[in-house]
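Residue-level structure breakdown
Here is how the chains run, residue by residue.
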Amino acid sequence: MQDTIPLLSYYQNELREAGCDEAGRGCLAGPVFAAAVVFPLDYYNPILNDSKKLSEKKRLALRAVIEEEALDFAVASVSAEEIDRINIHQASYLAMHRALDLLKVPADYIIVDGNKFVPYQTVPYTCIVKGDGKYLSIAAASILAKTYRDEYMHNLATEHPEYDWLRNKGYPTIKHRNAILQLGLTPHHRKTFRVTDPQLRLF
């Protein structure tokens, strides 16, 4: 029943609010993407939800709706090379900051999925655990970040089909890890991420 409850339009209603979320934090390859979305204060969409709860087809359909109905939105990324240099946590925050930088309708308040965030300029913010399943703007940001990142990995997959990025999007599946162990890393891999042998078992 929980999934049928519509998400909330805003966290606070005094300042123009942007929702932020990222995609690709746990991947072995490719950038981490983040998005920022600003909706009208009274925005309502009963279908919009956490990207992880939606099929690829529904995510793409909702992306078009979000981009049409948002006051503003932006998507940004941080490369694998940058991730190796500053670590994935800082890279996730940096991707969100870059997305916020791109907004033409600036946010006066930020709500972020998760429990940590690096302050963006002097803009007040609130971290919301599982916020992508509670607030429309964060859910929308999760959909944009996910779909843009998936498209990016689909394009990379044509260069390196042996890593199965078309299906795994860079996540550490058995096939992906086996390919790394057999063929090594590409320039798109995060070299500071540990790759374990799928055949190993703990007893």
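Residues numbered from 1 in each chain as written. Predicted model: local features only at pLDDT ≥ 70, side-chain atom pairs only at ≥ 80, totals over all residues. Heavy atoms only, no water.

Under an unreviewed UniProt entry, the name given to the protein chain is Ribonuclease HII, and the source organism is Sphingobacterium populi. In its Sequence similarities (unreviewed entry) section, the UniProt record describing the protein chain reads: "Belongs to the RNase HII family." (UniProt positions renumbered as here; feature names shortened; annotations may be inferred.)

1. Focus on the overall build of the protein chain
Broken down by element type, the protein chain carries six helices and five strands. Overall, the protein chain shows an N-to-C arrangement of helices and strands of β-β-α-β-α-α-β-β-α-α-α. On C-alpha atoms alone, the protein chain measures out to a radius of gyration of 17 Å, which is about the 17 Å that the 2.2 N^0.38 rule sets for 203 residues. Classification of the 203 residues of the protein chain by burial places 49% in the buried group. When contacts within the protein chain are restricted to residue pairs at least 6 apart in sequence, those whose partners lie at least 24 apart make up 66%. (Helix = DSSP H or I, 4+ residues; strand = E, 2+ residues; numbered from the N terminus. Rg over C-alpha atoms; globule rule 2.2 N^0.38 Å. Buried < 20%, exposed > 50% of the residue type's maximum accessible area, 1.4 Å probe, protein only. Contact = heavy atoms within 4.5 Å.)

2. Points about the nonpolar core
One broad rule of soluble globular proteins: the nonpolar side chains tend to lie buried together. The biggest cluster of nonpolar side chains holds 24 residues, and the ones touching the most others in it are Cys20, Val32, Leu100, Leu103, Ile110 and Phe117. For this core, the secondary-structure elements that each account for two or more residues are strand S1 (17-23), strand S2 (32-38), strand S3 (72-78), helix H3 (88-102) and strand S4 (109-113). It is H3 that provides the largest number of residues to this core, a total of seven residues. Among all residues touching leucine 100, those that are not within four sequence positions of it are Ala18, Cys20, Ala36, Ile110, Phe117 and Tyr120. Judged by nonpolar contacts, the second largest core, of 20 residues, contains Val37, Leu54, Val75 and Ala141. (Core = buried A, V, L, I, M, F, W, Y, C linked by side-chain atoms within 4.5 Å.)

3. Section: the side chain of lysine 169
On the secondary structure map, lysine 169 appears in the loop between helix H5 (165-168) and helix H6 (174-183). Reaching out from lysine 169, the side chain makes a polar contact with the backbone oxygen of arginine 167 at a distance of 3.4 Å. Setting aside residues no more than four positions away along its own chain, lysine 169 makes contact with Cys27, Ala29, Lys146, Arg149, Asp150, Met153, His154 and Asp164. (Polar contact = N/O pair within 3.5 Å; in protein donor to acceptor, adjacent residues only side chain to side chain.)

4. Some thoughts on the UniProt feature "binding site: a divalent metal cation" (unreviewed entry) in the protein chain
The residues that UniProt annotates with the feature "binding site: a divalent metal cation" (unreviewed entry) are Asp21, Glu22 and Asp113. These residues run over 93 residues, yet every pair of their C-alpha atoms falls within 8.2 Å of each other. Since its relative accessible area comes to 3%, aspartate 21 is described here as buried. Every residue in contact with aspartate 21, bar those within four places of it in the chain, is listed here: Phe33, Ala34, Ala35, Met96, Asp113, Asp132, Ile138, Ala141, Ser142 and Ala145. Here aspartate 113 lies in strand S4. Apart from the residues lying within four places of it in its own chain, the contact partners of aspartate 113 are Cys20, Asp21, Ile128, Val129, Lys130, Gly131, Asp132 and Ile138.

5. Quick notes on the environment of leucine 8
Secondary-structure assignment places leucine 8 in the segment before S1. Leucine 8 gets classed as partly exposed once you look at its relative accessible area, which sits at 46%. Considered as a pair, leucine 8 and serine 137 are 129 residues apart in the sequence and their alpha carbons are 8.7 Å apart.

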